[in-house]
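What follows is the residue order along each chain.
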Amino acid sequence: MSDYYEKKDLADFPNIGEYAEAEGEKFFDYYGKATAAGKLSEREKSLIALTVATVQKCPYCIDAYTNKCLSLGVSKEEMMEAVHVGAAMQAGITLAQSTQMRKIIKKKEM
Amino acid sequence: METEEQLEILGNTGISFSEKLKQSDQFPIKTTSIDILQLNISRKCNLACKHCHVEAGPDRGEMMSREILKKCLDILKNSNISTLDITGGSPEMNPHLEWFIHEASKYAKRLIVRTNLVILKEETYRTFIDIYTNHRVEICASLPHFSKEQSDRQRGCGSFEGAIDIIKQLNEKGYGIEGSGLVLDVVHNPVGAYLPGNQKALEHEYKTRLYETYGIHFNTLFCITNMPMGRYLEYLLRTDNFDDYMMELVNAFNPNAAENVMCKNTLSVSWDGTLYNCDFNQMLCLPAKIGQKDNIMDFSPEDFKDKDIVIHNHCFGCTAGSGSSCQGATES
């Protein structure tokens with residue numbers, strides 16, 4: 001298990017286009033544009049990325065975007081608030097599934 | 001920590017800056033011509049910041065003498081060097097600074113003093129606010145973060161509020177105000193074991209927050225990467241961050257940043273006149289290789305050109321990401 005998710009593997013991220021270079025190039029072009037400053041600032045996008053990283057439980061992305069947020073002067077309180085948005089969304093998404101459950105209950109019960 | 005020990009630690013990382021340069025066909029890096037004369041005139045400082053590569057502090061005593069300063073003036077007077085960059089420690093603690101600024105301002109097209117701002121709160125040094133203003137000195141001020149908590153963690157309790165108070169006074173003189181011609185730049189460096197972010201993005205954040213909270217202005221933000229040396233190296237080692245930080249620097253190596261390193265056109269002079277390719281080499285006791293002339297007293301600008309720049313693994317700090325120099329990032 002210790003061979004999985006090694007910290008140093010984060011440095012391999014630029015090589016993920018290996019064996020499918022054309023697709024890899026398109027991905028990085030897209031990734032670069034999507035995460036660069038646009039209507040939203042780089043700072044705002046980094047907080048979104050950090051939230052997605054924690055929700056999706058990606059250790060590489062958590063490492064990369066925690067560092068990026070620190071680099072952009074984002075405070076630890078701001079980062080934690082963003083993580084709570086992710087947590088609240090996850091809780092909401094779970095609870096929203098109860099709609100199906102409640103609909104079935106209401107149909108089935110006398 | 002002794003410099004030999006620092007160099008040994010930097011050398012035992014299993015990486016090599018010269019090898020990295022060879023891979024991108026950039027070895028050796030050579031000097032061009034001097035455009036910036038950078039003088040470290042005092043290792044004494046009223047602060048003892050946790051990241052300081054000079055390891056400056058109140059107990060240090062090294063000061064550039066008037067004799068050496070006079071020689072620097074001669075060189076400035078008889079050359080095409082455009083920028084005189086005065087640094088420390090706290091330059092204000094060198095007793096010759098007032099006289100030197102008065103003289104140097106006659107010859108330097110651009111005269112920069114790097115100040116920690118806080119020293120200008122002290123009665124003895126308050127006068128430098130007027131001296132800087134009268135000689136239109138460009139002020140390059142350390143302010144590692146726009147938040148008090150973060151900034152004080154690096155520079156010491158109360159330093160942030162002191163700096164803000166001085167910026168207010170400088171703003172009143174016109175510093176940092178568009179159209180005044182009085183330049184007040186601010187230096188950011190990370191308060192921890194990470195690299196600085198995008199300079200433009202951080203400048204926007206600094207300007208917005210500092211204006212909204214304190215009503216203060218400045219011109220440009222310079223992001224400077226912390227070099228793995230001096231007190232910062234000790235911090236990295238103590239917190240078990242050294243290997244990761246070095247890996248981050250190496251992975252972020254940018255050949256374009258290597259192309260734009262400031263050591264190509266900078267001559268760094270230490271308090272005793274010894275010549276270096278940069279202030280970092282100065283603190284690691286790695287003198288410049290300019291023939292037999294290793295002291296400013298024997299030097300003329302023609303000696304500078306086309307010499308191999310002295311490098312070591314700390315140089316990864318200047319070539320990571322958008323690059324780092326005393327003027328901030330080296331590419332946008």
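Since the structure is predicted, the reported quantities are computational estimates derived from the model, not experimental observations.

Criteria and cut-off values
- Residues numbered from 1 in each chain as written.
- Chains lettered and ligands numbered in written order.
- Predicted model: local features only at pLDDT ≥ 70, side-chain atom pairs only at ≥ 80, totals over all residues.
- Helix = DSSP H or I, 4+ residues; strand = E, 2+ residues; numbered from the N terminus.
- Rg over C-alpha atoms; globule rule 2.2 N^0.38 Å.
- Buried ≥ 20, exposed ≤ 12 C-beta atoms within 10 Å, placed from the backbone.
- Contact = placed C-beta atoms within 7 Å.
- Nonpolar A, V, L, I, M, F, W, Y, C, P; charged D, E, K, R; others polar.
- pLDDT = per-residue confidence, 0-100.
- Axes fitted to C-alpha atoms, helices over the stretch in contact; angles between N-to-C directions.
- Parallel < 35°, antiparallel > 145°, perpendicular 65-115°, else oblique.
- Expected span 1.5 Å × (residues − 1).
- Pairing = 2+ DSSP bridges.
- Right-handed = clockwise from strand over helix to strand, strands pointing away.

**Student:** Hey, could you go over the overall build of chain B for me, with residue numbers and the actual values?
**Tutor:** Counting secondary structure elements, chain B contains 13 helices and eight strands. Its C-alpha atoms give chain B a radius of gyration of 19 Å, near enough to 20 Å, the size a compact globule of 332 residues would have. Taken along its principal axes, the extent of the C-alpha atoms in chain B is 50 × 45 × 40 Å. Within chain B, the fraction of its 332 residues that count as buried is 48%.

**Student:** Report on unusual backbone geometry, specifying residues and quantitative values.
**Tutor:** Residue and element names in this part refer to chain B. Omega for the peptide link from phenylalanine 27 to proline 28 comes to -10 degrees, which places this bond in the cis form. Examined against the element boundaries, proline 28 turns out to sit in the loop between helix 2 (17-23) and strand 1 (36-42). Of note, the bond from glycine 88 into glycine 89 is cis; its omega dihedral lies within 30 degrees of zero at 25 degrees. By the element assignment, glycine 89 lies in the loop between strand 2 (83-88) and helix 4 (97-104). For aspartate 240, which is not a glycine, the phi torsion comes out positive at approximately 60 degrees. With respect to the helices and strands, the residue aspartate 240 is situated in the loop between helix 9 (230-238) and helix 10 (242-251). A count of 9 C-beta atoms within 10 Å places aspartate 240 in the exposed class. In this structure, aspartate 306 is a non-glycine residue whose phi angle is positive, near 60 degrees.

**Student:** Please give an account of the interface of chain B and chain A that cites residues and values.
**Tutor:** Of the residues lining the interface, 15 residues belong to chain B; the matching set on chain A comes to 13 residues. For the side of chain B that touches chain A, the element with the most residues is helix 8 (residues 199-214) of chain B, which contributes three residues. Here the residues of the side of chain B that touches chain A are counted per class, giving eight nonpolar, six polar and one charged.

**Student:** I'd like a rundown of the confidence of the model for chain B, residues and numbers included.
**Tutor:** On average, residues of chain B carry a pLDDT of 96, and 100% of them reach 70 or more. Predicted complex metrics record ipTM = 0.81 and pTM = 0.92.

**Student:** Can you lay out the packing of helix 6 (residues 148-155) of chain B against helix 7 (residues 159-173) of chain B for me, pointing to particular residues and giving the numbers?
**Tutor:** Residues and elements named next belong to chain B. Taken N-terminus to C-terminus, the directions of helix 6 and helix 7 make an angle of 110 degrees; their axes are 8 Å apart at the nearest point. The orientation of helix 6 with respect to helix 7, classified from their angle, is roughly perpendicular. In this structure, helix 6 contributes Lys148, Ser151, Asp152 and Arg155 to the contact, and helix 7 contributes Ser159, Phe160 and Glu161.

**Student:** Outline helix 1 (residues 21-35) of chain A, listing residues and values.
**Tutor:** With 15 residues, helix 1 of chain A ought to run about 21 Å at 1.5 Å a step, and its terminal C-alpha atoms sit 21 Å apart, in line with that. Buried residues are scarce in helix 1 of chain A, accounting for zero of its 15 residues.

**Student:** Could you give me a rundown of the environment of B:Asn46, with the residues and numbers involved?
**Tutor:** All names here are of chain B. Position of asparagine 46 among the secondary structure elements: in the loop between strand 1 and helix 3 (66-77). When the C-alpha positions of asparagine 46 and tryptophan 271 are compared, they lie 17 Å apart, and in sequence the two are 225 residues distant. Setting aside chain neighbours within four positions, we find asparagine 46 in contact with Pro58, Ser90, Val118, Ile119 and Glu122.

**Student:** Requested: an account of the sheet that holds strand 2 of chain B, with residues and values cited.
**Tutor:** All names here are of chain B. Taken together, the eight strands give an open sheet; going across it, the order is 6-5-4-3-2-1-7-8, and neighbouring strands pair in mixed fashion. Lying at the two open borders of the sheet, with one neighbouring strand each, are strand 6 (221-223) and strand 8 (275-276). Inspection of the sheet shows strand 2 paired to strand 3 (residues 110-115) by four bridges, in the parallel sense. Bridge pairing in strand 3 places isoleucine 86 opposite valine 113.

**Student:** Describe the pairing of strand 5 (residues 184-188) of chain B, with residues and values.
**Tutor:** Residue and element names in this part refer to chain B. Alternating positions in strand 5 separate cleanly, Leu184, Val186 and His188 being buried on one face and Asp185 and Val187 remaining unburied on the opposite face. Direction of pairing for strand 4 (residues 138-142) relative to strand 5: parallel, over a ladder of four bridges. Following the sheet pairing, serine 142 is matched in strand 5 by valine 187. In this region the chain leaves strand 5, passes through helix 8 and returns to the parallel neighbour strand 6; the handedness of that crossover is right-handed.

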